[in-house]
Amino acid sequence: MSMEASPAAGARLLRGTGRTVLVTGASAGIGQATARELARQGFRLIVCGRRTERLTALLTELPAGTAHALTFDVRDRAATEAAIAGLPEAWRRVDVLINSAGGAHGLAPIQTGDVADWDAMIDSNVKGLLYVTRAVLPLMPDDAGAQIVNISSIAGRQTYPNGAVYCASKAAVDRLTEGLRFDLQERGIRVAQISPGAVETEFSQVRFKGDEARAAAVYKGYAPLTAVDIAETIGFLVTRAPHINLADVLMLPAAQAAATTIRRQG
Ligand code: 8X3
């Protein structure tokens, strides 16, 4: 048996240095933690979110000139396109796109669910991801190790009671991730998704419309994942050698076996 190394074996990891990442949903949660983690790894950052003051605060943490903020709501197609089209010349190459904007609104059966909640979830988790991706793609280089990472969810793989619309929106992310992989194969752009289980962020506070007690109960009796846990995994994923696409990561707390099966103690 030949012990010769494959041509790819010597390919080097793609460090952050000299590369630019655009992160949506960067004003909180997984997006914000990912921005911090990738800055730590040397990436230049385009941080996108709805809350200017939070993005500005994030910029002050980072070395001057290494980050650029864009305020827009991914649900607003015109604003999304205008913000990305208006990027200054120095920021018009994007090596990595992290689609993190989105969330859950309400937890209710279809027959009584709030239609405005459905619109919010479908508009941000599905249509917003599409708007951003379409707008950013012209800025991504071909055959240069570029990468898109979509933040999906275990909810994209399993439906749970009262979560039909959120789960459907994340199932759409799963399908779009696969579809983009086909579509972008000819450009040599890698497409991946990470599907977290329970992560303690603002997620449940938003889902339960500010009901802190109800949100806190979601994470009681076990150790949920943190946004930093997800961010570190994304950091690993986007620094693999160019011949690797770590395409699909399901990441759960150790106490979680399935979307609604969590071992709680105490
Ligand atoms: C977040 C995980 O299980 O609350 O997407 O839907 S879950």
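See the structure printed just above.
Keep in mind that this is a model prediction, so the values were computed, not measured. (Residues numbered from 1 in each chain as written. Predicted model: local features only at pLDDT ≥ 70, side-chain atom pairs only at ≥ 80, totals over all residues. Heavy atoms only, no water.)

Student: Just checking my understanding: could you explain the nonpolar core for this structure?
Tutor: Nonpolar side chains tend toward joint burial in soluble globular proteins. Counting residues in each nonpolar core, the largest one holds 30 residues, and the members touching the most others are Val21, Leu45, Ile98, Ile194, Ile230, Ile234 and Val238. In terms of residue count, helix H8 (residues 227-237) provides more of this core than any other element does, five residues in total. In this structure, Ile194 is in contact with Val149, Asn150, Ile151, Ser152, Ser153, Ile230, Thr233, Ile234, Val249 and Met251, ignoring residues within four places of it in sequence. (Core = buried A, V, L, I, M, F, W, Y, C linked by side-chain atoms within 4.5 Å. Buried < 20%, exposed > 50% of the residue type's maximum accessible area, 1.4 Å probe, protein only. Helix = DSSP H or I, 4+ residues; strand = E, 2+ residues; numbered from the N terminus. Contact = heavy atoms within 4.5 Å.)

Student: Is there a simple way to explain helix H1 (residues 29-40) in this structure?
Tutor: Residues spaced three or four apart along an α-helix face the same direction, because each turn holds 3.6 residues. Counted at 1.5 Å a residue, the expected span for H1 with its 12 residues is 16 Å, and the 17 Å between its end C-alpha atoms agrees. All of the buried residues along H1 are Ile30, Gly31, Gln32, Ala33, Thr34, Ala35, Glu37 and Leu38. At the exit of H1 stands Gly42, carrying a positive phi of roughly 100°. (Expected span 1.5 Å × (residues − 1).)

Student: Any chance you could explain the sheet that holds strand S2 (residues 44-49) here in plain terms?
Tutor: Each strand in a sheet pairs with another by means of backbone hydrogen bonds, the pair being arranged parallel or else antiparallel. Spatially, seven strands are ordered S3-S2-S1-S4-S5-S6-S9 in an open sheet, and the strand pairing comes out parallel. Only two strands of the sheet have a single partner each, and these edge strands are strand S3 (67-71) and strand S9 (248-251). Here the strands of the sheet are splayed against their neighbours by 15° on average, with no regard to which way each runs. Strand direction decides the pairing type here: strand S4 (residues 96-99) and strand S5 (residues 147-151), joined by four bridges, are parallel. Looking at S5, one finds that Leu97 is bridged to Ile148. Each of strand S1 (20-23), S2, S4, S5 and strand S6 (190-196) touches H1; the most contacted strand, S2, lies at about 170° to it. Relative to the sheet, helix H5 (residues 164-183) contacts S5 and S6, its axis offset from that of S6 by approximately 160°. (Pairing = 2+ DSSP bridges. Axes fitted to C-alpha atoms, helices over the stretch in contact; angles between N-to-C directions.)

Student: Looking at this model, I keep getting lost on the packing of aromatic side chains. Mind explaining?
Tutor: The description of an aromatic ring pair uses the distance of the two centres, along with the angle that the planes make with each other. Inspection of every chain in the model, using the stated rule, returns one aromatic pair. The residue whose ring lies beneath Arg44 is Trp91, and the NZ or CZ to ring-centre distance is 3.9 Å. Here Arg240 stacks its cationic end above the ring of Phe236, 3.6 Å away from the centre of that ring. (Phe/Tyr/Trp six-rings, centres within 6.5 Å; stacked < 30°, edge-to-face > 60°. Lys NZ or Arg CZ within 6 Å of the ring centre and 35° of its normal.)

Student: Just checking my understanding: could you explain the environment of Arg51 for this structure?
Tutor: By the element assignment, Arg51 lies in the loop between S2 and helix H2 (52-61). Judged by its relative accessible area of 25%, Arg51 falls in the partly exposed class. Taking the C-alpha atoms as reference points, Arg51 and Gln147, 96 residues apart in sequence, are found 26 Å from one another.

Student: Just checking my understanding: could you explain the packing of helix H4 (residues 115-136) against H5 for this structure?
Tutor: One way to put it is that H4 packs onto H5 with a least axis distance of 8 Å and a crossing angle of 15°. By the criterion of interaxial angle, the relationship of H4 to H5 is roughly parallel. Two packed elements cross with a definite hand, and for H4 against H5 that hand is right-handed. When H4 is examined against H5, the residues Trp118, Met121, Ile122, Asn125, Val126, Leu129, Leu130 and Thr133 are found in contact with a partner set consisting of Val165, Tyr166, Ser169, Lys170, Ala172, Val173, Leu176 and Leu180. Along the lines of polarity and charge, the residues of the contact of H4 with H5 split into 12 nonpolar, three polar and one charged. (Parallel < 35°, antiparallel > 145°, perpendicular 65-115°, else oblique. Left-handed = near helix turned anticlockwise from the far one by under 90°. Nonpolar A, V, L, I, M, F, W, Y, C, P; charged D, E, K, R; others polar.)

Student: Hey, could you run me through the pattern of salt bridges in this one?
Tutor: For side chains bearing opposite charge, pairing can occur when the charged atoms are close. Counted under the stated rule, the structure contains 12 salt bridges. Where Arg54 meets Glu202, a salt bridge forms, and the shortest distance between an N and an O atom there is 3.0 Å. In this pair, Arg54 is assigned in helix H2 and Glu202 in the loop between strand S7 (199-200) and helix H6 (203-207), connecting sequence segments 148 residues apart. The exposure class assigned to Arg54 is partly exposed, which follows from its relative accessible area of 28%. Ionic contacts of the salt-bridge type, sharing partners, join the residues Arg51, Arg54 and Glu202 into one network. (Salt bridge = Lys/Arg side-chain N within 4 Å of Asp/Glu carboxyl O.)

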